[in-house]
Amino acid sequence: MASEESSFSTPWERRSGFDLQSFMNRSPLARWLLAPALVGLGSGIDLLLQTYDIRRPTPEILLAAIVITVWYGGAGPGLLASVLSVSSLAYFFLPPSNSFEVGRPDLLYFISYVCFALLTDWFSSVRRRTERALKQARADLEVKVAERTAELEGRNQTLQLEIAERRRVEEELRRSEAYLAQAQRLSQTGSWAWNASTGMVTLSQEALRIYGLDASQASCAPEVLLDEVLREDRAALEHYVTSAVRERLDFEIDYRIALSDGAVRYLHSVGRSAVNGSREITELIGTTIDVTDRKLAEQDLQEAKSELAHVARVQAVGELTASIAHEINQPLAAVVANADACTRLLAGSTLDMHELREAVGDIAEAGTRAGEVIARVRAFIRKAPLAARRRVDVNRVIEEVLELTKSELERHEVSVRCELDSGIPDVQGDRAELQQVVLNLVMNGIEAMQCDTGRARVLEISSETDADRKAVQVTIRDSGIGIPAESYDRIFDPFFTTKSDGLGLGLAISRSILESHGGRLWAPDTNGSSGAAFRFTLPASGPETL
């Protein structure tokens, strides 16, 4: 409070550095001594003025003493100053002098002075309290203003920090959105979301590009996208999406769309359902990837594999030229022999029609057999289109290959032991390609048994099916030198071979063909027995497949 009082200081106090109010607040005695001191000073001044023949006293000086006493000393010292000033007036200035009696002529003046002194004391006290209250109110207001200012400054700093943080987050969000958009463009992946309440689909910028739409269609009905799907893929897509919404499941599907310019795109879509607390679906969120380039590359790769396989088949036929020539030479020799017999019969004196008919029949049978050899070779080396997949009897494929390699087996003194299950189901595939797989494995077995191991040269071929008849399994085992341990992990690598004149493509092509048919090829453990074994599986053709 002392600091508050000192703020109402006089110019002399400010210049001298002396704070009278603080001094009075610290010394109660000084407050009470202030009244007689000021009244005495005022009385002395009035007495001095009387020496200049001023008949009436000047009460303003005594009243000023009261005001000053009240201001610095308070109400109590002010009341004391009032009593002392009234007493001084009656004793020194009103006749009779040096007496506290007041004459009748001056009584009214004296009473008026007393009342005025008391009013001055009261008014000064009220004003002092009012001033003090105002000072306190102003001090409190300044404190509150300071507190409010500090609070506002703190809030302003907090707000500035929040604004800076929000700007940073917004900048990071814009940067993330830019990165996401760039990543979607690079990966050709568009995002989308279907809202269950509005029924509208929201598409990202890359999704709009994939579907060939403009920015105004960023939010569109699902029918806009469905209309672009090719007719043969539309039913499957509708089924998958409808099932996902109904059963709240994720889905993943490949389909094709046709753009307005006629271009066809291959798409891969993945969707996930979002549900609320009531297990009700709220939206379907997913991505769509443009896999057109990959699909076209896969088709090109498959065509390249088909070309390579065709070259390998032609090469295999070239290697079997001697055997094929032998196969054809036998029926041709029979034709010539029977033709000579017919000539002799016709030139004889007697004509035996029965013997002649038998000779002609033998000629026809030999010609048919030669034609079958040619037909098998042509079927084997033909170049079929990629989509030529039909039902194929695996046992029949094995028999056709054995017929084709019959002379080769006989030349190398290899006996064949077949255990073919007649009840195995058909498979879906390309007959020529499957013939090539079996031929590669048979020829590998024949070549593996060319070394003299002291064992009988036996090629075992078996076919069977699994318990639930969903796959056909074929095993080809030889009694040759087997697969070297150091080469076991690399035998299916392209261009890897253990033969001095081999290209290292047979097993690699065979595995590629089987994998394209949904099957697989591997070399099982022979459990210590001699030779090598190769086994492949193919999925059985379902009853609905034509």
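Residues numbered from 1 in each chain as written. Predicted model: local features only at pLDDT ≥ 70, side-chain atom pairs only at ≥ 80, totals over all residues. Heavy atoms only, no water.

(A) Inspection of the environment of Ala 215 at higher detail. Mapped onto the elements, Ala 215 comes out in the loop between α8 (205–211) and β3 (219–220). Put simply, Ala 215 and Gln 205 are 10 residues apart on the chain and 7.5 Å apart in space, counted from C-alpha to C-alpha. (Helix = DSSP H or I, 4+ residues; strand = E, 2+ residues; numbered from the N terminus.)

(B) Molecular detail of the layout of surface pockets. There is about 450 Å³ of room inside the second largest pocket. Pro 222, Leu 225, Leu 226, Leu 237 and Val 241 are, among the 19 residues lining the second largest pocket, the residues nearest its centre. Sorting the residues of the lining of the second largest pocket by element identifies β1 (189–195), α9 (222–226), α10 (231–247), β4 (251–258) and β6 (281–290) as the ones contributing at least two each. Among the elements that take part in the lining of the second largest pocket, α10 stands out by supplying 5 residues, more than any other. Of the residues assigned to the lining of the second largest pocket, the class counts are 14 nonpolar, 3 polar and 2 charged. (1 Å grid on protein atoms, 1.4 Å probe; cavity = no way out; pocket = protein on both sides within 12 Å on 5 of 7 lines; lining within 4 Å. Points joined across faces, edges and corners; volume = space filled by probe spheres on them. Nonpolar A, V, L, I, M, F, W, Y, C, P; charged D, E, K, R; others polar.)

(C) Looking closely at the packing of helix α4 (residues 28–50) against helix α6 (residues 75–93). One can describe the packing of α4 onto α6 by two numbers: an axis separation of 9 Å at closest approach and a directional angle of 25 degrees. With respect to each other, α4 and α6 are oriented roughly parallel. In this structure, α4 meets α6 at a crossing whose hand is right-handed. Across from Arg 31, Trp 32, Ala 35, Pro 36, Val 39, Ser 43, Asp 46, Leu 47 and Gln 50 in α4, the residues of α6 making contact are Gly 76, Pro 77, Leu 80, Ala 81, Leu 84, Ser 85, Ser 88, Phe 92 and Phe 93. Of the residues that constitute the contact of α4 with α6, the class distribution is 11 nonpolar, 5 polar and 2 charged. (Axes fitted to C-alpha atoms, helices over the stretch in contact; angles between N-to-C directions. Parallel < 35°, antiparallel > 145°, perpendicular 65-115°, else oblique. Left-handed = near helix turned anticlockwise from the far one by under 90°. Contact = heavy atoms within 4.5 Å.)

(D) Fine view of α6. The end-to-end C-alpha distance of α6 is 26 Å, a good match for the 27 Å that 19 residues give at a rise of 1.5 Å each. Buried residues of α6: Pro 77, Gly 78, Ala 81, Ser 82, Ser 85, Val 86, Ser 88, Leu 89, Ala 90 and Phe 93, and no others. (Expected span 1.5 Å × (residues − 1). Buried < 20%, exposed > 50% of the residue type's maximum accessible area, 1.4 Å probe, protein only.)

(E) Up close: the packing of aromatic side chains. Inspection of the entire model under this criterion finds 1 aromatic pair. The side chain of Arg 520 reaches across the aromatic face of Trp 522, ending 3.8 Å from its centre. (Phe/Tyr/Trp six-rings, centres within 6.5 Å; stacked < 30°, edge-to-face > 60°. Lys NZ or Arg CZ within 6 Å of the ring centre and 35° of its normal.)

(F) Spotlight on the sheet that holds strand β8 (residues 415–420). Taken in spatial order, the 5 strands make up an open sheet running β8-β10-β11-β13-β12, and their pairing is mixed. Single-partner strands in this sheet number two, and they are β8 and β12 (520–522). Here the average twist between neighbouring strands, direction ignored, is 10 degrees. Examined bridge by bridge, β12 and strand β13 (residues 533–539) share 3 bridges and lie antiparallel to one another. For Trp 522, the partnering residue across the bridge sits in β13 and is Arg 535. Relative to the sheet, helix α16 (residues 431–448) contacts β10 (458–465), β11 (471–477), β12 and β13, its axis offset from that of β13 by approximately 170 degrees. Most of the contacts of helix α17 (residues 506–516) go to β12, to which it runs at about 145 degrees, and overall it touches β12 and β13. (Pairing = 2+ DSSP bridges.)

(G) Inspection of the confidence of the model for the protein at higher detail. Averaged over all residues, the pLDDT of the protein equals 77, while 77% of them reach at least 70. Segment residues 1–8 is flagged for pLDDT under 50; beyond a separation of four residues in sequence, or across chains, it makes 16 contacts in the model. (pLDDT = per-residue confidence, 0-100.)

(H) Looking closely at the side chain of Arg 265. Tracing the chain through its elements places Arg 265 in strand β5 (residues 264–275). The charged side chain of Arg 265 is buried without a salt bridge, its nearest counter-charge being Asp 290 at 4.1 Å. One polar contact links the side chain of Arg 265 to the main-chain carbonyl oxygen of Arg 209, over a distance of 2.8 Å. Polar contacts involving the side chain of Arg 265 include one to the main-chain carbonyl oxygen of Ile 210, which spans 2.5 Å. (Lys, Arg positive; Asp, Glu negative; His and termini not counted. Salt bridge = Lys/Arg side-chain N within 4 Å of Asp/Glu carboxyl O. Polar contact = N/O pair within 3.5 Å; in protein donor to acceptor, adjacent residues only side chain to side chain.)

(I) Unusual backbone geometry, seen in detail. The phi dihedral of Glu 413 is positive, around 55 degrees, even though this residue is not glycine. Within the element layout of this structure, Glu 413 appears in the loop between α15 (406–411) and β8. The exposure class of Glu 413 is exposed, given its relative accessible area of 65%.

(J) Structural view of the pattern of salt bridges. Inspection of every chain in the model, using the stated rule, returns 14 salt bridges. The salt bridge involving Arg 272 is made with Asp 250; its shortest N-O contact spans 3.4 Å. Of the two residues, Arg 272 sits in strand β5 while Asp 250 sits in the loop between α10 and β4, which places them 22 residues apart along the sequence. Overall, Asp 250 belongs to the partly exposed group, its relative accessible area being 47%. Linking Glu 399 and Arg 396 is a salt bridge whose minimum nitrogen-to-oxygen distance equals 3.4 Å.

(K) Examining the sheet that holds β4 more closely. Strands sit in the order β3-β2-β1-β6-β5-β4 across an open sheet of 6 strands; the sheet is antiparallel. Edge positions in the sheet fall to β3 and β4, since each of these pairs with one other strand and no more. Across 9 bridges, β5 lies against β6 in antiparallel orientation. Residue pairing across strands places Ser 273 opposite Leu 284, the latter belonging to β6. Strands in contact with α10 are β1, β4, β5 and β6; relative to β4, the strand with the most contacts, it is inclined by about 145 degrees.

(L) Main features of the nonpolar core. Ranked by size, the top nonpolar core spans 36 residues in total, and within it Val 438, Leu 441, Val 442, Ile 476, Phe 534 and Phe 536 carry the most contacts. Broken down by secondary-structure element, the contributors of at least two residues to this core are α14 (394–404), α16, β10, β11, α17 and β13. Looking at this core element by element, the count peaks at 8 residues for α16. In terms of nonpolar packing, the next biggest core, distinct from the first, is built from 22 residues, Ala 207, Leu 213, Val 229 and Ile 281 among them. (Core = buried A, V, L, I, M, F, W, Y, C linked by side-chain atoms within 4.5 Å.)

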